[in-house]
Amino acid sequence: MQHQQHRQPELAEGNLPVFVFPTELVFYADEQSSHKQVLTLYNPYEFALKFKVLCTAPNKYTVVDSTGAVKPQCCVDIVIRHRDVRPCHYGVYDKFRLQVSEQSQRKALGRKEVTATLRPSASQEPPSLRAQDEERRIKEQFADSEFFEQTAFQTGENRPVAGGPSLLTVLLGLVCMIALMLPTLGEQESTVPVYLHLSVNKKLVAAYVLGLLTMVILRT
């Protein structure tokens, strides 16, 4: 009976949200430093996840630790290197798919796709080309693609990172605190401009978000 009480709820296949940053990788042929990019996979859940990285063009990239595991409420960095920066690949959009599952299960609980493209130079892109590039990227995101497993390449760079409060979390908390300090809509005696007065509902949302952020920080 006690074992059943601590079991994780059964999760539907493919419905688990996957948190990856960034969602687009841009490599520049004339910038050696850009040939190495880092994807960060976050696991905000109470259970461990195992992951697998697939790609539509595995021969063009080297993925450090294309498979691995992420501990609960931790994150892991996945290093991706572009190894074929020939001009024939300029403007071509490839895709990476990060597929996650529970360590004890084989079925994929969730997946997230990340686009990758190689460009000649960051300084030589005219605005018109960027607009065409963006349109092509959007089309590629919704197109069906065939994904392949990456060749295993392990160097020990894959490391769970303790879930400390990120800069984004701290900034969001400060915004919520400022929102709570602003006058409420309808207050007459205030030197703050009227457009900065917030409704009660907005302050309730700010208080709710601040409470959630406080819980996250206390857990780290």
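My aim in this report is to walk through the structure given alongside it, one point at a time. Predicted model only: the values in this text are computed from it and were never measured.

### A look at the overall build of the protein
Inference 1: Across its full length, the protein carries four helices and 11 strands.
Inference 2: With 220 residues in all, the protein has 36% of them scored as buried.
Inference 3: Relative to all contacts within the protein whose residues are 6 or more apart in sequence, the contacts with residues 24 or more apart total 69%.
Inference 4: Accessible surface computed for the protein: about 13900 Å², of which carbon and sulfur atoms make up 57%.

### Some points on the pairing of strand 3 (residues 36–43)
Inference 1: When strand 1 (residues 19–21) meets strand 3, the two strands line up antiparallel, connected through three bridges. Along strand 3, the bridge assignment pairs V20 with L41.
Inference 2: When strand 3 meets strand 7 (residues 74–82), the two strands line up antiparallel, connected through eight bridges. The residue bridging Y42 from the neighbouring strand is C75, located in strand 7.

### A word on the state of the cysteines
Inference 1: All chains considered together, the criterion is met by zero disulfides.
Inference 2: Counting only cysteine sulfurs, C74 is the nearest neighbor of C75, a cysteine outside any disulfide, at a range of 7.1 Å.

### A closer look at the environment of L118
Inference 1: Along the chain, L118 turns up in strand 9 (residues 110–119).
Inference 2: Sequence separation between L118 and A29 is 89 residues, and the spatial gap between their C-alpha atoms is 6.8 Å.

### Here we look at the packing of aromatic side chains
Inference 1: For the structure shown, the criterion picks out four aromatic pairs.
Inference 2: A centroid spacing of 6.4 Å and a plane angle of 45° characterise the contact between F19 and Y45, whose relative ring orientation is tilted. Here F19, found in strand 1, pairs with Y45, found in the loop between strand 3 and strand 4 (49–55); they are 26 residues apart in sequence, far enough to count as distant.
Inference 3: With relative accessibility at 39%, the residue F19 sits in the partly exposed group.
Inference 4: Note on Y45 and F47: the rings are 5.5 Å apart at their centroids and 15° apart in plane angle, and the pair reads as stacked. Each member of the pair, Y45 together with F47, is buried.

### A few points about unusual backbone geometry
Negative phi values dominate among residues other than glycine, just as trans dominates among peptide bonds.
Inference 1: Of the consecutive residues F21 and P22, the connecting peptide bond is found in the cis state with omega at -5°.
Inference 2: Here P22 lies in the loop between strand 1 and strand 2 (24–28).
Inference 3: In this structure, D65 takes a positive phi of about 60° despite not being glycine.
Inference 4: Relative to the helices and strands, D65 resides in the loop between strand 5 (61–63) and strand 6 (67–70).
Inference 5: A positive phi angle, near 55°, is found at Q73, a position not held by glycine.
Inference 6: Residue placement: Q73 occurs in the loop between strand 6 and strand 7.

### Considerations on the environment of V200
Inference 1: Among the structural elements, V200 can be located in helix 4 (residues 200–219).
Inference 2: It is 7.3 Å that separates the C-alpha atoms of V200 and L185, two residues lying 15 residues apart in sequence.

### Here's the deal with the pattern of salt bridges
Inference 1: Scanning the entire structure with this criterion turns up five salt bridges.
Inference 2: Residues E24 and R119 are paired through a salt bridge, measuring 3.9 Å at the closest nitrogen-oxygen approach. Separated by 95 residues along the polypeptide, E24 in strand 2 and R119 in strand 9 bring together distant segments of the chain.
Inference 3: Judged by its relative accessible area of 24%, E24 falls in the partly exposed class.
Inference 4: In this structure, E113 engages K95 in a salt bridge whose closest nitrogen and oxygen atoms are separated by 3.8 Å. On the criterion of sequence distance, the pair formed by E113 in strand 9 and K95 in strand 8 (residues 93–102) is long-range, its members being 18 residues apart.
Inference 5: Looking at E113, the relative accessible area reads 29%, which means it is partly exposed.
Inference 6: Taking the relative accessible area as the measure of exposure, K95 reaches 2% and is therefore buried.
Inference 7: Each of the salt bridges in this network shares a partner with another, and the network as a whole consists of K95, R97 and E113.

Conventions used here
- Residues numbered from 1 in each chain as written.
- Predicted model: local features only at pLDDT ≥ 70, side-chain atom pairs only at ≥ 80, totals over all residues.
- Heavy atoms only, no water.
- Helix = DSSP H or I, 4+ residues; strand = E, 2+ residues; numbered from the N terminus.
- Buried < 20%, exposed > 50% of the residue type's maximum accessible area, 1.4 Å probe, protein only.
- Contact = heavy atoms within 4.5 Å.
- Areas by Shrake-Rupley, 256 points an atom, 1.4 Å probe, with all protein chains shown as cover.
- Pairing = 2+ DSSP bridges.
- Disulfide = S-S within 2.5 Å.
- Phe/Tyr/Trp six-rings, centres within 6.5 Å; stacked < 30°, edge-to-face > 60°.
- Salt bridge = Lys/Arg side-chain N within 4 Å of Asp/Glu carboxyl O.

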